[in-house]
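Summary of structural features
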Amino acid sequence: MKKGGSLSYLTKEGFHNVWMNRLMSVASIAVLMACLVMMGSAFMIIVNVQNVMNQIEQQNVIMVYMDDDATQADVAALQKDILSVDNVLSCEHEDKEKAFQEQLDELGSKADYFEGVENPLPETFKVTVKDMEKFDETASALSGLQKVNSIRDNKEIAQILIKTRSSVTYISVGIIAVLLVISLFIIANTVRITMYSRRLEINIMKSVGATNWFIRWPFFVEGMTLGAISGVVSFGIVWGVYKLLNGTLQSMFSVINSGFKIVPFTSYALYILAAFLVIGIVSGGLGSLVSIQKYLKERGGIVYEEEE
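Residues numbered from 1 in each chain as written. Predicted model: local features only at pLDDT ≥ 70, side-chain atom pairs only at ≥ 80, totals over all residues. Heavy atoms only, no water.

Notes on the pairing of strand E3 (residues 124–129)
As a reminder of what qualifies: Exposure categories follow from relative accessible area, calculated using a 1.4 Å probe and restricted to protein chains: below 20% of the type maximum is buried, above 50% is exposed, and the middle band is partly exposed. Helix and strand definitions follow DSSP, with helices as H or I runs of at least four residues and strands as E runs of at least two, each counted in order from the N terminus. By the convention used here, strands pair only if DSSP detects at least 2 bridges between them.
For E3, the buried fraction is high: 5 of the 6 residues fall into the buried class. Two elements, strand E1 (residues 62–66) and E3, share 4 bridges in a ladder whose sense is antiparallel. Looking at E3, one finds that Val-64 is bridged to Phe-125.

Below you can see the structure in the form of structure tokens.
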């Protein structure tokens, strides 16, 4: 049989083995699915936590107060200067007359006590920064601008947000890495059990002179097929569970930020599906190759010179 024909035959055998050994196939798929579902769930939770952090950061603004003698021309000039400062995302002017009137409206009937009182409020700018890591230097640059009397910043909150974001990032990477290692370990051992359950089949192939390549390829195809199936099914499960828990997650994160909106699964669907397929196919294929290689070595029947 020609090598091309052999490859086609062995590939078909790999697909056929998935069904013929369906009990072990289901076990392998279930194990990898469990790991992938945990990884996908952890990833979507991490995405939403990062989204909450981004929204909180955008609300952590620097208030810039102008000198009392500032004119409208000074206001326009300062707004232009603020927007030119590096790391400034937006600059919103709060007119002092409008702000004073809003304060009087909130006081209701008690506002009569302030009749004839000159407006004590300064012209104010609400400045939002882009990068929280540069918060201190941005605040320093704003305080040095012309006609700026003082600034008010939430430096302590900014530092907490920076530390929290770093912690979330490290924990996220750690969780995904641990789950990936666990999935590879479990798959390798599950495939190893499959090898043992099919030891008679392997021994027969060796006894009739089958090469390592001839023995390994069907298992390799079988492992990749099981990995691909696990990836697709896991993707569907994560999507379904995420939609099912959408309201719960919305309520949970709304406690932290009332304006929070849950991240749509469709925003990351293609990335998750691609990641699941890659992880499933690679772990399934490599797990099969490693397991069959170890099995052949342990049985002392490995052939080091492959036939062409």
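From this point, the discussion proceeds with the structure in view.
So, the side chain of Glu-123
Stated precisely, the cut-off is as follows: Polar contacts, as counted here, are pairs of nitrogen or oxygen atoms within 3.5 Å of one another; within protein the pair requires one atom able to donate a hydrogen and one able to accept it, and residues that are adjacent in sequence qualify only if both atoms are side-chain atoms. Whether two residues are in contact is decided by their heavy atoms: any pair within 4.5 Å suffices.
Along the chain, Glu-123 falls in the loop between helix H4 (96–107) and E3. Polar contacts involving the side chain of Glu-123 include one to the side chain of His-93, which spans 2.8 Å. Apart from the residues within four sequence positions on either side, Glu-123 is in contact with Val-64, Tyr-65, Met-66, Gln-72, Val-75, His-93, Glu-94, Asp-95 and Lys-96.

A look at the sheet that holds strand E2 (residues 88–94)
Quick reminder of the rule: Helix axes are fitted to C-alpha atoms over the stretch in contact, other axes to C-alpha atoms as well, and angles between N-to-C directions run from 0 to 180 degrees.
Judged by pairing direction, the sheet is antiparallel, and its 4 strands sit side by side in the order E2-E3-E1-E4 without closing on themselves. Single-partner strands in this sheet number two, and they are E2 and strand E4 (148–153). Averaged over all neighbouring strand pairs, the angle between strand axes comes to 20 degrees, with direction disregarded. Where helix H3 (residues 72–84) meets the sheet, its contacts fall on E1, E2, E3 and E4, and the angle it forms with E2 comes to roughly 165 degrees.

Points about the confidence of the model for the chain
Cut-off, in case you're wondering: Summary of the metric used: pLDDT quantifies the predictor's per-residue confidence within the range 0 to 100.
In this model, the chain carries a mean pLDDT of 76, and residues with pLDDT of at least 70 account for 72%. Counting contacts from residues 301–308, a segment whose pLDDT is below 50, to residues more than four positions away or on other chains yields 17 contacts.

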